[in-house]
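One-letter residues, chain by chain:
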Amino acid sequence: MIVFYDGNCPLCVSEMNELKRFDQHNKIDLVNIHDNRFSTEFPEIEHEAAMAKLHGYDNQGKLILGLDVTAAAWGQVGKHRWIKLLRLPIIRTIADGVYLFFAKHRMKISKLLFPNQCSMHNSGDCNHD
């Protein structure tokens, strides 16, 4: 599967590093949406859309979004199986709303959780949303 992530977000990078650490069979291809590879190999995905919501391709090449990407990726490496609960019909709507709020404010959250990385990170700071 392919996961497109915001490489300027320390929190996002931290999760991708953790995911890759468990990806012992190289089942996941991580693509930073700020790298040239993203724009040249995946022109069908708009950068702004990828900044607003996590994008990915599942093993069948189907585009998946948000928590569906998170659940599929962690499922690929056999970890965090509890995330599948967030995909249950009753919980899904609430979880997706919480995810969208989190995604919108991820840089502010990163600044709180990773203050040193925010000042030293590629983006210069974590104040942009």
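Above this text is the structure in question.
Keep in mind the model is a prediction, meaning the values are calculated, not measured.

**Q** Which residues make up the packing of helix H1 (residues 10-22) against helix H6 (residues 106-113), and what are the values?
**A** Following both chains from N to C, one finds H1 and H6 inclined at 80 degrees, their axes separated by 7 Å at the closest point. With respect to their mutual orientation, H1 and H6 come out roughly perpendicular. Taken together, the residues of H6 that come into contact with H1 (itself represented by Pro10, Leu11 and Cys12) are Arg106, Ile109, Ser110 and Leu113.

**Q** Any chance you could break down the pairing of strand S1 (residues 2-5) for me, citing the residues and the numbers?
**A** On S1, burial covers both faces: Ile2 and Phe4 on one face and Val3 and Tyr5 on the other are all buried. Taken together, the 4 bridges between S1 and strand S2 (residues 29-32) define a ladder with parallel strand orientation. Within the sheet, the bridge partner assigned to Ile2 lies in S2 and is Asp29. A crossover links S1 with its parallel partner S2, the connecting element being H1, and its sense is right-handed. Bridge count for S1 against strand S3 (residues 55-57) is 3 bridges, and the pairing is antiparallel. Of the residues in S3, the one forming a bridge with Phe4 is His55.

Here is what the cut-offs are and how they apply
- Residues numbered from 1 in each chain as written.
- Predicted model: local features only at pLDDT ≥ 70, side-chain atom pairs only at ≥ 80, totals over all residues.
- Heavy atoms only, no water.
- Axes fitted to C-alpha atoms, helices over the stretch in contact; angles between N-to-C directions.
- Helix = DSSP H or I, 4+ residues; strand = E, 2+ residues; numbered from the N terminus.
- Parallel < 35°, antiparallel > 145°, perpendicular 65-115°, else oblique.
- Contact = heavy atoms within 4.5 Å.
- Buried < 20%, exposed > 50% of the residue type's maximum accessible area, 1.4 Å probe, protein only.
- Pairing = 2+ DSSP bridges.
- Right-handed = clockwise from strand over helix to strand, strands pointing away.

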